[in-house]
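Analysis of the macromolecular model
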Amino acid sequence: MSKLVKDMKEAIRLSGLKDGMTISFHHHLRNGDMVAVMVLDAICELGIKDLNVNISSIFDTHAPFIEYIRDGVITGIETDYMGGVVGRAVSEGILEKPVTFRTHGGRPSDIIRGASPIDVAFIAAPTADCMGNCTGKTGPSACGSLGYAFADAMYAGKSVVITDNLVDYPLVDYSISEEYIDYVVTVDKIGEPSGIVSGTTKITKDPVGLVIADYAARAIDASGLLVDGFSFQTGAGGASLAAAKYLKDIMIRKNVKGSYGLGGITSYMVDMLQSGCFKALYDVQCFDLGAVESIRTNPCHMEVSGAHYASPTAKSSAVDSLNVVILGATEIDTDFNVNVHTDSNGYIMGGSGGHSDTAAGAKMSIIVAPLSRARLPIVVDKVLCKSTPGNTIDVLVTQRGIAVNPQRPELAERFTAAGLPVVDIHDLKEMAEKLNGVPKKPQLGDRVVANVLYRDGSMLDTIREVPVR
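Below you will find a few notes about this structure. (Residues numbered from 1 in each chain as written. Predicted model: local features only at pLDDT ≥ 70, side-chain atom pairs only at ≥ 80, totals over all residues. Heavy atoms only, no water.)

**Section: the environment of Lys-202**
Basically, it comes down to this: For the purposes of this entry, the term helix denotes a DSSP run of H or I that reaches at least four residues, the term strand denotes a run of E that reaches at least two, and both are numbered from the N terminus. Think of it in three bands: with a 1.4 Å probe and only protein chains considered, a residue is buried below 20% of the maximum accessible area for its type, exposed above 50%, and partly exposed in between. We call two residues in contact when some of their heavy atoms are within 4.5 Å.
Within the element layout of this structure, Lys-202 appears in the loop between strand E9 (183-186) and helix H7 (207-222). Given the relative accessible area of 63%, Lys-202 is considered exposed. With residues up to four places along the chain from it excluded, the contact list for Lys-202 reads Gly-238, Leu-241 and Tyr-268.

Written as structure tokens, this is what we have:
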């Protein structure tokens, strides 16, 4: 027996895909992904239209989505993150229906509980066998963890594995089991491995970023949370990675033995594991090739599903036991609400990902950001889009001081006692405006182009159209 079919079109025909259905993709090949466009090209040739696309993240490599939208092939999008190329087109109103933005925890939660049904899931698999057992750890297009694809494969009406590295049955050390897979397609290439490496996964050399990173690491040290069993997640931005490096030095100096590092894993987190700072890494997505190598070879570097990572409806998830998370922001307002969906002009250029999931779960959530970017203050009266509620954000670290949410007075006391520069968030806003002026608010249209859902599925905010000038 074999589930191999001759080509993509045959798999699509056998899946029963019809106009108006929902298809899904995962994003572990990141900006090197070729599968989503490959599948949609075949769908176009078959004349299927009016599809809803549920994809865990959209990158600039998915720019052809714009033409699929214009041609009526894609009429709906559900995602957790949207890069600037497709985001700009959506912001200008190209899509008739509003995009649905979820979080990395909310997406598998909604798929599993039936709130976001998938008719056909397409799984990009760097290695697979003829029955559909597959992994991202090996193969010429190895991307590491396939964490965000688990719910798609397990709960879709039909699941199709697409691979460029077919191996003899049975595949050893598979991630997703054959029991969930209907068809297997082999292609020449599913992606460019170098494309999974984000351009931000390097420690900043900017003096401002290094000051911010130093403050963040010292704040963690002063918080009272940096003890044996400590758990931690950081983003892939330059200042966040520098903070992780400084934190590693503190943990080694104090001989703190942490329990686990979490999230999208970088080489810097791998280094912390290898240095004895953590017992294990829980990996839902590899951000660079060093992380891919580690998850392939180190049994303490473990792959987890999106639900295990952050689902609010799972019996438990890893974010529920998280001590500290370091996150970024495009804007933060004086109520500590954070925007990571749009830029200062209102154009979509991101998404929550695991931002609001980890902020909700962590005992201390830290935003690291410069006082201003491109001469625009980072602190505003009201964010353009509420991506993460302010009641889940504890600390803002800038190069000019640390603002602590008034609901966490004990942190302010600890930071002050440690000699850290604690300031009121309103004072940070005033400092930035004195340096850069008060920014003008963008003129937005009335039409809603995206609905932003919180991790529990409730409506958190909307994003309005940016008029084309």
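**Here's the deal with the layout of surface pockets**
Applied cut-off: Cavity and pocket criteria rest on a 1 Å grid covering protein atoms alone: a 1.4 Å probe that fits but cannot get out defines a cavity, protein on both sides within 12 Å along at least 5 of 7 lines defines an open pocket, and an atom within 4 Å of a point defines a lining residue. Grid points are joined across faces, edges and corners, and a volume is the space filled by probe spheres set on the points. When residues are grouped by polarity, Ala, Val, Leu, Ile, Met, Phe, Trp, Tyr, Cys and Pro land in nonpolar, Asp, Glu, Lys and Arg in charged, and all others, Gly among them, in polar.
The calculated volume of the second largest pocket comes to roughly 770 Å³. In terms of lining, the second largest pocket is formed by 31 residues, of which the most central are Glu-331, Ser-344, Val-380, Leu-384 and Pro-442. When residues of the lining of the second largest pocket are assigned to their parent elements, the largest contribution, 4 residues, is made by strand E24 (residues 459-464). For the lining of the second largest pocket, the per-class residue count stands at 14 nonpolar, 6 polar and 11 charged.

**Digging into the pairing of strand E17 (residues 364-368)**
Note the following rule: Whether two strands pair depends on DSSP finding at least two bridges between them.
Across the 5 residues that make up E17, a large majority, 5, are buried. Side chains Met-364, Ile-366 and Val-368 of E17 all project onto a buried face; the interleaved residues Ser-365 and Ile-367 project onto the opposite face, where all are buried too. By the bridge criterion, 4 bridges tie strand E14 (residues 324-327) to E17 in an arrangement that is parallel. Residue pairing in the sheet places Val-324 in a bridge with Met-364 of E17. With 3 bridges connecting them, E17 and strand E21 (residues 395-398) associate as parallel partners. Paired with Ile-366 across the strands is Val-395, a residue of E21.

Structural measurements only, silent on function.
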